[in-house]
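One letter stands for each residue in the lines below.
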Amino acid sequence: MAKARVHEIAKDIGVSSKEALAKLQEMGEFVKSPSSTVEPPVAKKLRAAFPKTEEPAEKPAAKPTPKKPGAPSGAKPGAKPGPAVKPEPAKPEPAKAEPAESKPEQPEAAPAPEKPAAEKPQAPAQSSSAPKPGGPKPPAPGPKPSGPKPPSAKPGGPKPRSGGNNPFGLASERESTRPSGPRPGGGPRPGGPRPGNNPFAPRQGMRGGERGGPRPGARPGAPRPAGAEGSRSAGAPPRPGAPKPSMMPGQSPAPSRGNAPGGPPGGGPPRGRGGGRGRGGAAGAFGRGGSKSKARKSKRAKRQELEQKHTREIGGVRVPKGDGNTVVRLRRGSSLGDFAEKINAEPAALITVMMKLGEMATANQSLDEETFHLLGEELGYKVEIVSPEDEDRELLESFDINLDDEAAGESAEDLEARAPVVTVMGHVDHGKTRLLDAIRSSKVTEGEAGGITQHIGAYQVDVPHEGQQRALTFIDTPGHEAFTAMRARGAKVTDIAVLVVAADDGVMPQTVEALNHAKAANVPVVVAVNKIDKEGAAPDKIRGQLTEYELIPEEYGGDVMFVDVSAIQNINIDELLEAVLLTADAALELTANPKKAARGVAIEANLDKGRGAVATVLVQSGTLRVGDNMVAGTGFGRVRAMFDDTGEAVEEATPSRPVQVLGLSTVPRAGDSFLVTNDDRTARQIAEKREAAERNALLAKRRKRITLEDFDQAVAEGKIDTLNLILKGDVSGAVEALEDALLKIDVGADVQLRVIHRGVGAITQNDVNLATVDNAVIIGFNVRPAERVTSLADREGVDMRFYSVIYAAIDDIEAALKGMLKPEYEEVQLGSAEIREVFRSSKFGSIAGSIVRSGIIRRNAKARLVRDGNVVGDNLAIESLRRFKDDATEVRDGFECGIGLGSFNDLKEGDIIETWEMREIPRT
Ligand SMILES: Nc1nc2c(ncn2[C@@H]2O[C@H](COP(=O)(O)OP(=O)(O)OP(=O)(O)O)[C@@H](O)[C@H]2O)c(=O)[nH]1
């Protein structure tokens with residue numbers, strides 16, 4: 001089997017090439033046009049991506065022999081029985097091809113898709129008026145068919161009367177239905193029976209009434225108001241026993257739901273010949289004449305069929321239907337509109353769906369991940385929110401820059417050894433700065449007289465090693481703050497960490513913090529036991545202590561090199577550098593291709609009065625040259641000049657070489673990636689796009705990376721299987737006790753509990769950074785975070801929990817692991833209002849002129865409509881609220897107001913509008 005072309009597969013599946021292309025794109029396959037070929041696995045994937053409802057539906061149809069005779073003759077109006085190409089593919093092929101067209105005659109088939117063909121003539125008529133009702137009014141969907149309303153046939157009085165002294169100047173329903181003379185100025189033509197734009201047309205017994213009634217199988221006995229139509233379709237009232245599409249194999253009930261334009265308009269599941277309108281069948285019987293119109297019909301029918309198959313109705317609107325597996329990738333900060341675009345839906349339809357889900361959102365509003373998941377689930381899509389790194393990767397790909405492919409495409413000859421990049425970490429005052437100075441001065445002074453150096457954030461030294469001069473790059477910002485900040489930004493800068501521990505002080509909280517950060521980043525560690533010149537120095541004790549943290553010295557049989565040094569007295573500095581090189585050589589293969597445009601990371605940057613943005617960048621691959629166009633974070637520009645850490649101007653910088661760069665438009669942040677582009681325009685555009693993405697990300701209050709409540713769900717979705725925790729407490733005993741107790745929880749085989757960091761003291765920015773990177777939950781025991789730490793956690797969506805009783809913490813975590821810790825919400829009544837009069841407005845729909853009876857009526861609050869003690873409309877929202885002519889945000893007890901419940905229009909005098917909200921019950 002040769003490779004198949006997209007359009008062939010599309011045809012096979014029964015979708016358009018465009019849809020197939022879109023799907024391929026969604027799946028990450030980039031295919032140019034319908035005539036492009038795809039590899040068999042891709043073809044298979046594509047087929048699998050479309051629901052197979054088709055097959056079962058058609059098969060039965062194909063079977064009935066009666067079809068066969070008719071089919072070959074009239075049915076295939078020479079059309080496209082493409083399959084005929086195949087010699088005589090016996091039965092299956094042709095049989096498959098036929099059903100689509102010949103189906104009409106064969107009502108037994110009953111599959112929903114078929115019907116439209118037969119009823120085609122009607123469908124169009126309806127669809128013009130029908131879509132409307134479906135569209136705008138979600139909450140009043142089919143359920144209440146035309147029943148009671150139609151009779152009122154509001155066409156009644158086209159005499160809107162300007163609502164005298166009512167708060168809106170709108171005509172009340174009472175007035176408008178009074179059949180007196182037409183009053184001008186009445187604004188909305190309340191009763192105006194214009195089926196075309198009257199959202200209620202179908203329910204009022206207009207033609208489209210069929211629409212309301214027809215739902216196959218839906219309340220079969222319901223009187224069909226569309227009497228006129230009824231005469232045409234004998235089978236109109238769906239038979240109770242008629243097969244519902246939902247009964248069909250593989251057919252989900254949703255698509256069958258009636259009012260899709262392609263839906264079975266006659267309501268008559270086309271079973272039994274009498275059931276169909278007969279026209280389609282008759283046409284077939286009469287041969288020619290019929291075949292022409294039939295051909296036309298069937299085309300339309302196919303379209304409708306398709307539409308119906310790929311859409312479903314929710315809350316009265318038609319939205320695309322995913323198959324539950326279709327992945328939709330969205331950037332963080334995306335809006336409903338973005339999502340709509342991806343699934344080819346109307347943003348307005350999604351707004352309605354959101355309302356049905358109990359959330360109010362506008363098309364342009366950024367939504368958080370959770371909300372997208374909820375919405376995706378409802379529509380049958382798997383929403384993936386791409387990480388900032390992925391996002392940047394995709395952004396670059398849109399400029400045809402693929403860093404991964406670039407790296408993968410490099411051959412061994414392109415690669416040259418590069419210097420290891422080292423970060424020095426450790427507890428306060430253990431000598432990090434001093435050690436960095438010692439390393440640097442010992443080397444710089446060797447080469448350069450004067451040894452005038454300047455701090456640019458990183459420096460490189462040459463070390464004689466096994467007869468060679470080897471370079472080492474040190475990040476000159478000690479501490480793990482910079483390290484985690486960069487890591488949080490997705491930058492992998494450090495190859496090796498030097499953990500400094502003062503021999504006279506021992507392992508301290510930040511020592512542990514630092515080593516945990518290194519471990520989490522999977523970076524090998526070399527321990528520098530410093531201050532050995534000091535009295536009381538006990539280097540062996542340090543080795544013993546660190547063993548407890550899984551840093552086992554080589555001399556104890558482990559694989560971590562420990563070097564005793566004195567930064568002040570320059571003792572063993574060379575040995576330390578040697579150990580770093582040995583560790584790098586043993587654990588890592590550090591190479592990069594210098595022969596290409598430079599890529600790397602910004603290490604440090606500042607705005608200089610005279611020189612503008614000055615950024616220190618570390619070249620990670622390629623060679624950076626003066627004159628290159630570069631983009632670093634959201635800054636871009638042409639490299640005007642470069643300097644190394646001795647202040648020397650340099651023309652180029654190769655991998656692992658840090659240089660200071662002048663020429664960027666703005667100051668990048670530490671950890672921002674940079675790259676050289678072919679032209680300045682690309683650099684500028686990338687920078688602009690990054691800025692926009694950042695803005696969006698900021699806008700989306702991206703809530704909750706992982707919370708204890710959603711842990712089990714994340715596990716269920718296969719996203720994670722480990723609950724990472726960071727424990728902070730006021731005293732070490734408590735932290736240890738908590739950790740011990742936590743690790744004793746019986747969590748079962750599916751999930752794991754991992755304490756990635758524990759420490760004494762307040763929750764710091766570092767803790768939040770670490771939680772951000774490793775998707776951890778922070779547990780604070782008798783400690784609180786500083787204010788800016790709280791806001792950082794909030795911004796990053798990190799779940800922090802505070803306890804003062806160990807058992808409470810254990811209970812919560814145990815419950816989370818067992819999937820039992822659900823947030824609890826309670827409904828809180830906000831207020832209620834009684835409808836005194838109903839006004840109709842063409843612009844706003846029905847407005848309830850009301851008086852607030854209790855509490856407050858607030859705009860956007862959730863609402864329900866109660867009539868004689870029965871809820872007649874639930875999950876509504878106060879979409880508009882007015883006091884006289886002015887919009888109001890809230891109206892209090894005793895005041896009159898006008899309330900609009902969006903597209904919910906079933907309002908009556910005396911009804912009570914209750915408003916409420918869900919509040920999370922705080923845990924104690
Ligand atoms: N005796 C002795 N003192 C040292 C040595 N290394 C550093 N010190 C002293 O220890 C103190 C702290 O050194 P720093 O290099 O500032 O320590 P740090 O880890 O960078 O400290 P922070 O920047 O506060 O995190 C200074 O007074 C140094 O002079 C050493 O090898 N021997």
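Residues numbered from 1 in each chain as written. Predicted model: local features only at pLDDT ≥ 70, side-chain atom pairs only at ≥ 80, totals over all residues.

If you look the protein up in an unreviewed UniProt entry, it shows as Translation initiation factor IF-2 from Nesterenkonia natronophila. UniProt lists a comment for the protein under the heading Sequence similarities (unreviewed entry), and it reads "Belongs to the TRAFAC class translation factor GTPase superfamily. Classic translation factor GTPase family. IF-2 subfamily." Note on the protein: under the UniProt heading Subcellular location (unreviewed entry), the record states "Cytoplasm". (UniProt positions renumbered as here; feature names shortened; annotations may be inferred.)

**So, the overall build of the protein**
Tallying secondary structure elements over the protein gives 33 helices and 37 strands in all. By the burial criterion, 48% of the 924 residues in the protein qualify as buried. A sequence separation of at least 24 residues applies to 71% of the contacts in the protein between residues at least 6 apart. (Helix = DSSP H or I, 4+ residues; strand = E, 2+ residues; numbered from the N terminus. Buried ≥ 20, exposed ≤ 12 C-beta atoms within 10 Å, placed from the backbone. Contact = placed C-beta atoms within 7 Å.)

**With respect to the sheet that holds strand S25 (residues 722-729)**
The strand order across the open sheet formed by four strands is S26-S25-S27-S28, and the pairing between neighbours is parallel. Because the sheet does not close on itself, it has two edges, and the strands there are strand S26 (752-760) and strand S28 (800-803). Strand-to-strand twist of the sheet, defined as the mean angle between neighbouring strand axes without regard to direction, takes the value 25°. (Pairing = 2+ DSSP bridges. Axes fitted to C-alpha atoms, helices over the stretch in contact; angles between N-to-C directions.)

**Looking at the pairing of strand S18 (residues 629-632)**
Side chains Asn 629 and Val 631 project from S18 onto one buried face, and the interleaved Met 630 and Ala 632 project onto a second face that is buried too. Looking at chain direction, S18 and strand S19 (residues 635-638) are connected through four bridges and run antiparallel. Counterpart to Val 631 in the pairing with S19 is Phe 636. As consecutive antiparallel partners, S18 and S19 are separated by two residues, and within that stretch Gly 633 has a phi angle of approximately 60°, a positive value. Of the strand pairs in this sheet, S18 and strand S24 (residues 673-677) are connected by four bridges, and their pairing is antiparallel. The residue bridging Asn 629 from the neighbouring strand is Thr 677, located in S24.

**Re the nonpolar core**
Counting residues in hydrophobic clusters, the biggest one holds 86 residues, and the most contacted among them are Leu 499, Val 527, Ala 528, Val 580 and Val 617. Setting aside its immediate chain neighbours within four residues, Leu 499 contacts Met 425, Gly 426, Thr 511, Ala 514, Leu 515, Val 525, Val 527 and Ala 528. Ile 343, Leu 350, Cys 897 and Ile 899 belong to the second largest nonpolar core, which has 44 residues in total. (Core = buried A, V, L, I, M, F, W, Y, C linked by C-beta atoms within 7 Å.)

**Quick notes on the site of the ligand**
In the vicinity of the ligand there are 17 residues, among which Gly 431, Lys 432, Thr 433, Arg 434 and Ala 567 approach most closely. Among the elements that take part in the shell around the ligand, helix H23 (residues 432-447) stands out by supplying three residues, more than any other. Grouping the amino acids of the shell around the ligand by side-chain chemistry returns four nonpolar, seven polar and six charged. (Near = placed C-beta within 6 Å. Nonpolar A, V, L, I, M, F, W, Y, C, P; charged D, E, K, R; others polar.)

**Observations concerning the packing of helix H25 (residues 509-520) against helix H31 (residues 765-774)**
The N-to-C vectors of H25 and H31 enclose an angle of 15°; their axes lie 11 Å apart at closest approach. Compared by their axis directions, H25 and H31 come out roughly parallel. Where H25 crosses over H31, the two elements pack in a sense that is left-handed. Listed contacts from H31 to Glu 513, His 517 and Ala 520 of H25 are Asn 766, Leu 770, Val 773 and Asp 774. (Parallel < 35°, antiparallel > 145°, perpendicular 65-115°, else oblique. Left-handed = near helix turned anticlockwise from the far one by under 90°.)

**Remarks on the confidence of the model for the protein**
Of all residues in the protein, 65% have pLDDT values of 70 or greater, and the mean over the chain is 70. Under a pLDDT of 50 for its full length, residues 154-293 has, in the predicted model, 336 contacts with residues more than four places off or in other chains. Note on residues 445-451: pLDDT under 50 across the span, and four contacts to partners over four residues away in sequence or across chains. Taken over the whole predicted complex, pTM reads 0.46, whereas the ipTM for its chain interfaces reads 0.98. (pLDDT = per-residue confidence, 0-100.)

**Looking at unusual backbone geometry**
Residues other than glycine seldom take positive phi values, yet Asn 344 does so here, at roughly 65°. Mapped onto the fold, Asn 344 is located in the loop between helix H18 (336-343) and helix H19 (347-356). Judged by local crowding, Asn 344 falls into the partly exposed class, with 13 C-beta atoms found within 10 Å. We note that Asn 860 has phi near 75°; this positive angle belongs to a residue other than glycine. Relative to the helices and strands, Asn 860 is located in the loop between strand S30 (845-858) and strand S31 (862-867). For Asn 860, a count of 15 C-beta atoms within 10 Å puts it in the partly exposed group.

**Focus on the environment of Pro 658**
Here Pro 658 lies in strand S23 (residues 658-664). As a C-alpha pair, Pro 658 and Val 601 span 57 residues in sequence and 9.5 Å in three-dimensional space. Excluding anything up to four places from it in sequence, Pro 658 contacts Ile 456, Gly 457, Ala 458, Tyr 459, Gln 460, Thr 473, Ile 603, Thr 616, Leu 618 and Asp 645.

**Re the sheet that holds strand S9 (residues 458-465)**
With respect to topology, six strands assemble into an open sheet ordered S9-S10-S8-S11-S12-S13, the strand pairing being mixed. Strands at the two margins of the open sheet, each flanked by one partner only, are S9 and strand S13 (562-564). When strand polarity is set aside, the average angle formed by the axes of neighbouring strands in this sheet is 30°. The pairing of strand S11 (residues 496-502) with strand S12 (residues 525-530) spans six bridges and is parallel. Within the sheet, the bridge partner assigned to Leu 499 lies in S12 and is Val 527.

**Here's the deal with the packing of H31 against helix H32 (residues 787-796)**
H32 packs onto H31 with a crossing angle of 10° between their chain directions and a minimal axis gap of 9 Å. When the axis of H31 is compared with that of H32, the two are roughly parallel. Across from Gln 765, Val 768 and Thr 772 in H31, the residues of H32 making contact are Val 789, Leu 792, Ala 793 and Glu 796. Along the lines of polarity and charge, the residues of the contact of H31 with H32 split into four nonpolar, two polar and one charged.

**Concerning helix H26 (residues 539-547)**
Owing to its 3.6 residues per turn, the α-helix aligns residues three or four sequence positions apart on the same side. Along H26, the residues classified as buried are Ile 542, Arg 543 and Leu 546. Taken end-on, H26 shows its buried residues confined to a sector of 100°, consistent with a single buried face. Its buried side turned inward, H26 meets S11, S12 and S13. (Arc of directions from axis to C-beta.)

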